[in-house]
Amino acid sequence: MDQLIAIINTLTPTDLLDIFFVTLLFYGASFLFRGTQAVVLLRGVMTVVIVLILVAGIFQLQALTWLLTNGLAVFAVAIPVIFQPELRRGLEQLGRGSRLLRRSSPVSGRDEIIAEIVRASEKLSERRHGALIVLQKNTQLDDYIRTGTQIDSKVKADLLLTIFWPKTELHDGAVIVGYDGRIASAAAVLPLTASRNLPHPKMGMRHRAALGMSESSDAVCVVVSEETGRIAIMNNGRMIPRLDPERLRTVLGALYGSNEPQRTTLRGWLAERWASLSQQLQESRT
Ligand SMILES: Nc1ncnc2c1ncn2[C@@H]1O[C@H](COP(=O)(O)OP(=O)(O)OP(=O)(O)O)[C@@H](O)[C@H]1O
């Protein structure tokens, strides 16, 4: 305890700045890995390392201490290799705009969109017509929208059924519903998942593309399997499989519906402040 107090007393402002940046780095890393398989693996490795450090310290084990000191350096080098997909996903998300600066998508009318998608998915599933629908939230998806045929239309079940009718020009690829809740693109090409831990080892391209999209953005992806007619949702790099229409509606409501808790973005907050300031100014003039 005395040692700790002595260390705290010798801390300079530069040391505090140093600690701040290291904390920021660790926080940033935990943010990149959040919700991924990497967290589970890291937690396991950290537990083993902490136990070994304690054992080596208590029993003064020289060889184990040497191994741990040198092994940790090797582990630091191995991290980017082992967690390449997770790091890539996190950096892509950063590149597409930080969470604070992301555009916030309007939620009004989303319940109607969900109803149309549920209706379409039910029919697509019965007919065994494959489909992939991406619901954009806050992450920019312009690069992917541009890969398809651009459309500007309300989300309607009939239109989705027509688009995904096999042998039509637009059935191959994904439909992307944009920020404004309108269909922005059809036959869009999405990034395939780079994860080696697939929910199902035999997962085909449609499901891999949906998973990839959900890994590199906060979009919600609905997939209807052509082979089995099963409906699944991919969100945040995870798959929610075997959804019946009722569960599809509930899950979509939670992830995309108008009751979904909205993150306050810096842009949204500034817009709100600006609107209330202008209103106050107007009121004071009149
Ligand atoms: N990168 C991609 N982006 C969007 N859609 C894609 C992409 N790659 C493949 N697809 C779609 O997936 C279809 C092929 O699906 P595939 O049979 O390989 O997948 P699956 O996951 O087994 O799905 P299903 O159960 O429907 O067969 C293609 O016809 C195309 O429409």
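About the cut-offs
- Residues numbered from 1 in each chain as written.
- Predicted model: local features only at pLDDT ≥ 70, side-chain atom pairs only at ≥ 80, totals over all residues.
- Heavy atoms only, no water.
- UniProt positions renumbered as here; feature names shortened; annotations may be inferred.
- Helix = DSSP H or I, 4+ residues; strand = E, 2+ residues; numbered from the N terminus.
- Buried < 20%, exposed > 50% of the residue type's maximum accessible area, 1.4 Å probe, protein only.
- Contact = heavy atoms within 4.5 Å.
- Near = heavy atom within 4 Å.
- Polar contact = N/O pair within 3.5 Å; in protein donor to acceptor, adjacent residues only side chain to side chain.
- Areas by Shrake-Rupley, 256 points an atom, 1.4 Å probe, with all protein chains shown as cover.
- Nonpolar A, V, L, I, M, F, W, Y, C, P; charged D, E, K, R; others polar.
- Pairing = 2+ DSSP bridges.
- Axes fitted to C-alpha atoms, helices over the stretch in contact; angles between N-to-C directions.
- Parallel < 35°, antiparallel > 145°, perpendicular 65-115°, else oblique.
- Left-handed = near helix turned anticlockwise from the far one by under 90°.
- Salt bridge = Lys/Arg side-chain N within 4 Å of Asp/Glu carboxyl O.

Where an unreviewed UniProt entry is consulted, the protein appears under the name Diadenylate cyclase, with the organism given as Phototrophicus methaneseepsis. Of the comments in the UniProt record for the protein, the one headed Function (unreviewed entry) reads "Catalyzes the condensation of 2 ATP molecules into cyclic di-AMP (c-di-AMP), a second messenger used to regulate differing processes in different bacteria."

A. Structural detail: the overall build of the protein. Summing up its helical and strand segments, the protein has 11 helices and 7 strands in all. Within the protein, the proportion of its 286 residues that are buried is 36%. Taking all contacts inside the protein whose residues are at least 6 apart in sequence as the whole, residues at least 24 apart take part in 64%.

B. Molecular detail of the site of the ligand. Close contacts around the ligand come from 14 residues, with Asp 172, Leu 190, His 207, Ser 225 and Glu 226 the closest. Contact between the ligand and Arg 206: an oxygen atom at 3.0 Å from a side-chain N or O atom of the residue. Contact distances for the ligand include 2.5 Å between an oxygen atom and a side-chain N or O atom of Ser 225. Alone, the ligand offers 640 Å² of accessible surface; in the complex the protein occludes 77% of this. Of the residues forming the shell around the ligand, the biggest block, 4 residues, is contributed by helix α9 (residues 205–216). Of the residues that constitute the shell around the ligand, the class distribution is 6 nonpolar, 4 polar and 4 charged.

C. A look at the pairing of strand β5 (residues 220–224). Among the 5 residues of β5, 5 are classified as buried, and the element is accordingly described as predominantly covered. Of the pairings in the sheet, the one linking strand β1 (residues 131–135) to β5 comprises 5 bridges and is antiparallel in character. From the neighbouring strand, Leu 135 faces β5, where its bridge partner is Val 220. Judged from the 5 bridges that link them, β5 and strand β6 (residues 231–235) form a sheet pairing that is antiparallel. Its bridge partner being in β6, Cys 221 is matched across the sheet by Met 234. Hairpin connection of β5 to β6: 6 residues between the antiparallel strands, including Gly 229 at a positive phi of 80°.

D. Spotlight on the sheet that holds strand β3 (residues 174–177). Here we have 7 strands laid out as an open sheet, ordered β2-β4-β3-β1-β5-β6-β7, and mixed in their pairing. Here the strands that pair on one side only, and so sit at the sheet edges, are β2 (149–154) and β7 (238–240). On average, adjacent strands in this sheet sit at an angle of 25° to one another, irrespective of strand direction. Packed onto the sheet, α9 meets β1, β5, β6 and β7 and runs at close to 170° relative to β5. Contacts from helix α10 (residues 245–256) reach β1, β3, β5, β6 and β7 within the one sheet, and its direction differs from that of β6 by about 15°.

E. Representation of the packing of helix α6 (residues 110–127) against α10 in the model. Running from amino to carboxyl end, α6 crosses α10 at an angle of 150°, the nearest separation of the two axes being 10 Å. In terms of orientation, α6 lies roughly antiparallel with respect to α10. Considering how the two elements wind past one another, α6 and α10 form a crossing that is right-handed. Here Arg 110, Ile 113, Ile 114, Ala 115, Ile 117, Val 118, Ser 121 and Glu 122 of α6 lie close against α10, whose contacting residues are Pro 245, Leu 248, Arg 249, Leu 252, Gly 253 and Tyr 256.

F. Quick peek at the UniProt feature "transmembrane region" (unreviewed entry) in the protein. Here, UniProt's "transmembrane region" (unreviewed entry) annotation points to residues 16–33, 40–59 and 65–83. Between the C-alpha atoms that bound residues 65–83 there is a distance of 26 Å. The span itself is 95% helix and 0% strand.

G. Region of the structure containing the pattern of salt bridges. As enumerated under the stated definition, the model contains 7 salt bridges in all. For Glu 112, the salt bridge is made with Lys 154, and the minimal N-O distance between the two is 3.5 Å. With a gap of 42 residues between them, Glu 112 in helix α6 and Lys 154 in strand β2 connect regions that are remote in the sequence. On the accessibility criterion, Glu 112 (43% relative accessible area) is partly exposed. Each of the salt bridges in this network shares a partner with another, and the network as a whole consists of Glu 116, Arg 119 and Lys 156.

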